[in-house]
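For reference, the chains in residue letters:
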Amino acid sequence: MTQTAPARHISRTTLYFFGALGGILFGYDLGVISGVLPFIGKLWALTSWDKGVITASLSVGAIVGALFSSRTNEALGRRRTIMVAAAIVIVGTLAATFSPTFALLVISRLIIGLGIGLSSSTVPTYLSELAPARLRGAMGALNQIFIVLGILIAFLVSYWLGPVSAWRWMFAGAIVPAAILLVGLVFLPETPRWLVKNGREEEARRVLASAHGNSVNLDEEINTINEVIRLDTEEKPRLRDLFSGFVRPMLVVALLLAIGQQFSGVNAINAYFPTMLIGLGFATQAALLSGVLLGVTKFLFTAWVVFVVDRWGRKPLLLIGNVIMVITLVAAGLVVLNVHDTGTRGILMLVMMVLYLVGYELGWGAVVWVMMSEVFPLKFRAAGMGVSSVVLWAATGIVSAVFPIISDPKSLGIGGSMFLFAGINVVLFVLTKWLVPETKGRSLEQIELDLRARQGVAAKS
């Protein structure tokens, strides 16, 4: 059996850094459109519908990428799937940078979305399968840190290039993290669970030793992985099995998390906040600077969550986040409807949105991707993450496309939109309290074996 060099000597810091770097691709391409829209909106005289289309096109491409992620994960492995995603993003970014028309820019964003969809549904799985149970929440949150770092970088680049209206260079910035990710993953290993499943046990041992250090009993860990694989291969996996038996409750949880993360309203804020402020009377550059402040808030609180997610637990953070988001969204709606001085209204809206993002990053930002990768059994992990990512990106696309229309003064307006999102967050609080389990401090195999035991499908001797 031929062994690969990356599994032999690699620091855990490097391993997790490059594993989570895919989040920057996700974040940058989500965030950069907020800086681009004010300029191309004027250049091409875009309507509210046009703005929704060009923003949502990334999500549409991501849905396609997520649909293919299950097959590519199983056939190529987690590592190579992320490498393919990075290459696709580079191609799409180059096309977006030089797009001469609105239509071609939409197509370019679709291509970028394809790579983002592959990456976003694979990186959390890659991290969760490499990290020991005691650190898995922190490592999953690390992915979210990189996502919000990507958004922050996009906001900074937009603010820096705003005075010269260099929106094409704003798009081009995504090439840098994509290239670093592509090169870095050449030197990283595949996950031990995928290696064992594909008959490469000795290589899996090397990866476990490298990623977990002295904290893991290699024989015990390999035996546990083999036991779960044996259970999972007793019958051929079928996509429809996600909707039946002991897997179905976890699919419901994953879909609730996926839909809730986006219907909470976050990408309406990420993509349109500068446009919202401009509509409320702010100057373009001041609006872009406000976006930078939002990005800094997202980054700081996501980084803090890394230190508490494995102590406080996933579910409490989700619930706390919902409460904060409801309060700040209601307050933001009241500000828009009742404060008429432009400067005061803009400052109060900025304060409310900063506090809103505090709530979001405490819970639904950092926790969702962690839990979605935790709740599925190994047999269905790739398929489950693929389905969940498709639904998440569909929800992102709906919010991105609809928000410019519903926030138009002829419709609900910005104030009414804030109230709508607040109501959705109340519903999410109730559903989370009722349906979402706690998964902190348990290995992926323990979670699966417990689920099997509850449903009467435990291992047979």
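Residues numbered from 1 in each chain as written. Predicted model: local features only at pLDDT ≥ 70, side-chain atom pairs only at ≥ 80, totals over all residues. Heavy atoms only, no water.

## Re the overall build of the protein
- Within the protein one finds 21 helices and zero strands.
- In the protein, the share of contacts with a sequence separation of at least 24, taken over all contacts with a separation of at least 6, comes to 85%.
- For the protein, the accessible surface area stands at approximately 17,300 Å², while carbon and sulfur atoms represent 69% of it. (Helix = DSSP H or I, 4+ residues; strand = E, 2+ residues; numbered from the N terminus. Contact = heavy atoms within 4.5 Å. Areas by Shrake-Rupley, 256 points an atom, 1.4 Å probe, with all protein chains shown as cover.)

## Focus on the packing of helix H3 (residues 48-76) against helix H5 (residues 102-130)
- Put simply, H3 and H5 touch, their axes get as near as 5 Å, and they point 40° apart. Relative to H5, H3 is oriented so that their crossing is right-handed.
- For the contact of H3 with H5, the class distribution of residues is 16 nonpolar, eleven polar and two charged. (Axes fitted to C-alpha atoms, helices over the stretch in contact; angles between N-to-C directions. Left-handed = near helix turned anticlockwise from the far one by under 90°. Nonpolar A, V, L, I, M, F, W, Y, C, P; charged D, E, K, R; others polar.)

## Points about the layout of surface pockets
- Quantified by volume, the largest pocket comes out at close to 460 Å³.
- Lining the largest pocket are 22 residues, with Lys 51, Thr 275, Met 276, Ile 278 and Gly 279 positioned closest to its centre.
- Listing elements by their share of the lining of the largest pocket, those giving two or more residues are helix H2 (22-43), H3, helix H13 (266-279), helix H19 (378-406) and helix H20 (413-435).
- Top element by residues in the lining of the largest pocket is H13. It accounts for five residues. (1 Å grid on protein atoms, 1.4 Å probe; cavity = no way out; pocket = protein on both sides within 12 Å on 5 of 7 lines; lining within 4 Å. Points joined across faces, edges and corners; volume = space filled by probe spheres on them.)

## Considering the nonpolar core
- With 127 residues, the main nonpolar core has Leu 257, Met 349, Met 353 and Met 372 as its most contacted residues.
- Top element by residues in this core is H2. It accounts for eleven residues.
- For this core, the two domains that each supply at least three residues are domain 1 (10-188) and domain 2 (239-454).
- Other than its neighbours up to four places away in sequence, Met 372 contacts Ala 254, Leu 257, Ala 258, Met 385, Ser 388 and Leu 392. (Core = buried A, V, L, I, M, F, W, Y, C linked by side-chain atoms within 4.5 Å. Buried < 20%, exposed > 50% of the residue type's maximum accessible area, 1.4 Å probe, protein only. Domains from an automatic or database assignment.)

## Comments concerning a nonpolar patch on the surface
- Among the surface-exposed residues, Val 60, Val 91, Leu 104, Ile 107, Leu 110 and Ile 111 lie close enough to one another that they form a single nonpolar patch of about 460 Å² accessible area.
- Here the element with the most residues in the nonpolar patch is H5; it accounts for four residues.
- Examined against the element boundaries, Val 91 turns out to sit in helix H4 (residues 78-97). (Patch = residues over 30% accessible without salt bridge, like charges linked within 9 Å, V, L, I, M, F, W, Y side chains within 5 Å. Salt bridge = Lys/Arg side-chain N within 4 Å of Asp/Glu carboxyl O.)

## Topic: empty space enclosed by the protein
- For the coordinates displayed, the defined rule picks out five cavities of 30 Å³ or more.
- Around the largest cavity, the lining comprises 13 residues; the ones closest to its centre are Phe 26, Leu 30, Gln 144, Ile 147 and Tyr 360.
- At the level of elements, H2, helix H6 (133-161), helix H12 (248-263) and H13 are the ones that each hand at least two residues to the lining of the largest cavity.
- Looking at the lining of the largest cavity, its residues break down into seven nonpolar, five polar and one charged.
- Of the residues that make up the lining of the largest cavity, three or more belong to each of domain 1 (10-188) and domain 2 (239-454).

## Comments concerning the pattern of salt bridges
- Tallying each qualifying case throughout the model produces six salt bridges.
- Between Glu 202 and Arg 205 there is a salt bridge; the shortest N-O distance is 3.9 Å. Here the residue Glu 202 and the residue Arg 205 both occupy positions in helix H10 (residues 201-212), the gap between them amounting to three residues, near one helical turn.
- Looking at Glu 202, the relative accessible area reads 41%, which means it is partly exposed.
- Connected via shared salt-bridge partners are Glu 74, Arg 78 and Lys 197.

## A short note on the side chain of Gln 262
- Looking at the element boundaries, Gln 262 is found in helix H12.
- Side chain to side chain, Gln 262 and Gln 261 meet in a polar contact 2.9 Å long.
- Among all residues touching Gln 262, those that are not within four sequence positions of it are Asn 267, Leu 392, Ala 395, Thr 396 and Val 399. (Polar contact = N/O pair within 3.5 Å; in protein donor to acceptor, adjacent residues only side chain to side chain.)

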